[in-house]
Amino acid sequence: LQHHMLEPVQRIPRYELLLKDYVRKLPPQSPDRGDAERALEMIFMVAKHSNAAIAEMERLQNLWVVYQRLGLEDDIVDPSNELIKEGPIQKISTRNNSTSEKYLFL
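Reference entry: report on the structure contained in this document. Every value quoted in this text rests on a predicted model; they were computed, and no experiment measured them. (Residues numbered from 1 in each chain as written. Predicted model: local features only at pLDDT ≥ 70, side-chain atom pairs only at ≥ 80, totals over all residues. Heavy atoms only, no water.)

Structural notes on the pairing of strand β2 (residues 98-105)
Here's step 1: When strand β1 (residues 86-93) meets β2, the two strands line up antiparallel, connected through 8 bridges. By the bridge assignment for β2, G87 is matched with L104.
Here's step 2: Hairpin connection between β1 and β2: a loop of 4 residues separates the two successive antiparallel strands, and N97 in this loop has a positive phi of roughly 55°. (Pairing = 2+ DSSP bridges. Helix = DSSP H or I, 4+ residues; strand = E, 2+ residues; numbered from the N terminus.)

What about unusual backbone geometry?
Here's step 1: Despite not being glycine, N97 shows a phi value in the positive range, around 55°.
Here's step 2: Of note, N97 is situated in the loop between β1 and β2.
Here's step 3: With relative accessibility at 72%, the residue N97 sits in the exposed group. (Buried < 20%, exposed > 50% of the residue type's maximum accessible area, 1.4 Å probe, protein only.)

Looking at the nonpolar core
Here's step 1: Membership of the largest hydrophobic core is limited to 8 residues, which are I12, L19, V23, L26, A36, L40, I43 and A47.
Here's step 2: Within the residue set of this core, elements represented by two or more residues are α1 (2-25) and α2 (33-69).
Here's step 3: Ranked by residues supplied to this core, first place goes to α2 with 4 residues.
Here's step 4: Beyond its immediate sequence surroundings of up to four residues, V23 is in contact with R33, A36, E37 and L40. (Core = buried A, V, L, I, M, F, W, Y, C linked by side-chain atoms within 4.5 Å. Contact = heavy atoms within 4.5 Å.)

Details of a nonpolar patch on the surface
Here's step 1: A surface patch of nonpolar side chains, about 380 Å² in accessible area, is lined by I84, I89, L104 and L106.
Here's step 2: Topologically, L106 is positioned in the segment after β2.
Here's step 3: Exposure remark for L106: the relative accessible area of 53% places this residue in the exposed category. (Patch = residues over 30% accessible without salt bridge, like charges linked within 9 Å, V, L, I, M, F, W, Y side chains within 5 Å. Areas by Shrake-Rupley, 256 points an atom, 1.4 Å probe, with all protein chains shown as cover. Salt bridge = Lys/Arg side-chain N within 4 Å of Asp/Glu carboxyl O.)

In structure tokens, the structure reads:
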């Protein structure tokens, strides 16, 4: 299902390239020029919006994976939360001069 859902989104950049090429090859006095330029602006905005929506979906998906790894509830995922970085770190204790490996979610 996910593979088939990407197909329409992948068409948008193709339409943008097609319209750019069409506008570039149109004569300046062509009656279609104004409509073609407006169509190009519209497809550019659609591409920008779809890219932002995909990025937001990926951000929330990554956050949901972290919540699952921590054993937290699915419904606790807050869209205002953001995963900045994750990875192993070394905790150094100056009291007993030891180190321990931890995993950090920031």
